[in-house]
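Observations on the model geometry
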Amino acid sequence: AHRPPRAIVVIGDPALNFILFHRPALFPGTPVVHVGIDKAYVQTHRPTQAQLLGVPVEYDFRGTVEQALHWHPGTRRLLVITGTSPRDRIWEARARAEFDDLADKPAMVEYLAGLSTEALKARLQGLGAGDLVFSPGYYRDGTGRDYSPRDAIAEIAAASPRAPVYGPFSAFIGTGIVG
């Protein structure tokens, strides 16, 4: 109380939501600096410069899949995996919008949203040549179990021995994904 913060640093959209809602009561006028805020979030919520300072991150779902399809020209089926949390549903909607009109769209695009991790892993075991997996990971699976997207993508990659797995976040490198 005697030494109020000179700035607040938030990491990720949920932290930004919290501070933008509570800042007027807790820290009025204190600048907020963000790290890891999705450009789509900033465009949707449109906080003013007085509320938010930083450079948003742009996650390129479409570009990632287009590159993956370029590297795997025989792809017949694209599987897109998301979870059940509100953030997971946003990612699913974004993927559907961005993948709807892909130039070299595979014959089938299948969305696996909200399966249990065990059911998902069993499904991935059966994939083979001509299949490609894209996922931003997920925060919650169909049983309500919470995950970090990085942990979820590691399980997805380990369960998909024959179909390449791609994700949009650089933090996924080293989890077993292709790119």
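The structure reproduced in this document is the subject of the present report.

Quick notes on the rules
- Residues numbered from 1 in each chain as written.
- Predicted model: local features only at pLDDT ≥ 70, side-chain atom pairs only at ≥ 80, totals over all residues.
- Heavy atoms only, no water.
- Helix = DSSP H or I, 4+ residues; strand = E, 2+ residues; numbered from the N terminus.
- Buried < 20%, exposed > 50% of the residue type's maximum accessible area, 1.4 Å probe, protein only.
- Areas by Shrake-Rupley, 256 points an atom, 1.4 Å probe, with all protein chains shown as cover.
- Lys, Arg positive; Asp, Glu negative; His and termini not counted.
- Charge placed at Lys NZ, Arg CZ, Asp CG, Glu CD.
- Pairing = 2+ DSSP bridges.
- Salt bridge = Lys/Arg side-chain N within 4 Å of Asp/Glu carboxyl O.
- Arc of directions from axis to C-beta.
- Contact = heavy atoms within 4.5 Å.
- Phe/Tyr/Trp six-rings, centres within 6.5 Å; stacked < 30°, edge-to-face > 60°.
- Lys NZ or Arg CZ within 6 Å of the ring centre and 35° of its normal.

1. Focus: the overall build of the protein chain
On a plain count of helices and strands, the protein chain comes out with six helices and six strands. Its helices and strands in sequence order give the protein chain the pattern β-α-β-α-α-β-α-β-α-β-α-β, from N to C terminus. Looking at the protein chain as a whole, 42% of its 179 residues qualify as buried. When the accessible surface of the protein chain is summed, it comes to about 9700 Å², and 56% of that surface belongs to carbon and sulfur atoms. Here the protein chain contributes 19 positive and 18 negative side-chain charges, whose respective centroids are spaced 5 Å apart.

2. Looking at the sheet that holds strand β4 (residues 108–113)
Across the sheet, four strands lie side by side as β4-β3-β5-β6; this open sheet has parallel pairing. The open sheet has two free edges, formed respectively by β4 and β6 (165–166), since each of these has just one partner strand. When strand β5 (residues 131–134) meets β6, the two strands line up parallel, connected through two bridges. The partner of V133 across the bridge, within β6, is V165.

3. Points about the pairing of strand β1 (residues 8–11)
In β1, alternate side chains face the same way, and those of I8 and V10 are buried while those of V9 and I11 on the opposite face are not. Sheet analysis places β1 next to strand β2 (residues 32–35), joined by four bridges and oriented parallel. The residue of β2 that forms the bridge with V10 is H34.

4. Digging into the pattern of salt bridges
A complete count under the given rule lists 15 salt bridges for this structure. Its salt-bridge partner being D131, residue R77 comes within 2.9 Å of it at the nearest N-O pair. Of this pair, R77 sits in strand β3 (residues 77–82) while D131 sits in strand β5, and the two are 54 residues apart along the sequence. Each member of the pair, R77 as well as D131, carries the same accessibility label: buried. Residues R94 and E98 are paired through a salt bridge, measuring 2.8 Å at the closest nitrogen-oxygen approach. Of this pair, R94 and E98 are both found in helix α4 (residues 86–99), four residues apart, which corresponds to roughly one turn of the helix. Each member of the pair, R94 together with E98, is buried.

5. Focus: helix α6 (residues 149–159)
Taken as a whole, α6 has its buried residues at P149, A152, I153, I156, A157 and A159. On an axial view of α6, the arc spanned by its buried residues comes to 165°, and they lie on one face. Tucked inside the fold, the buried residues of α6 contact β3, α4, α5 (117–125), β5 and β6.

6. What to know about the packing of aromatic side chains
Two aromatic rings, taken as a pair, are described by how far apart their centres are and by the angle between their planes. Taken as a whole and judged by the stated rule, the model has eight aromatic pairs. Taking the centre distance of 5.2 Å and the plane angle of 80° together, the rings of F169 and F172 count as edge-to-face. An identical accessibility class is assigned to F169 and F172; each is buried. In textbook terms, an aromatic cluster arises when at least three aromatic residues are bridged by ring pairs, as seen for Y59, W91, Y139, F169 and F172. A cation sits over an aromatic face here: R94 above F61, 4.4 Å from the ring centre.

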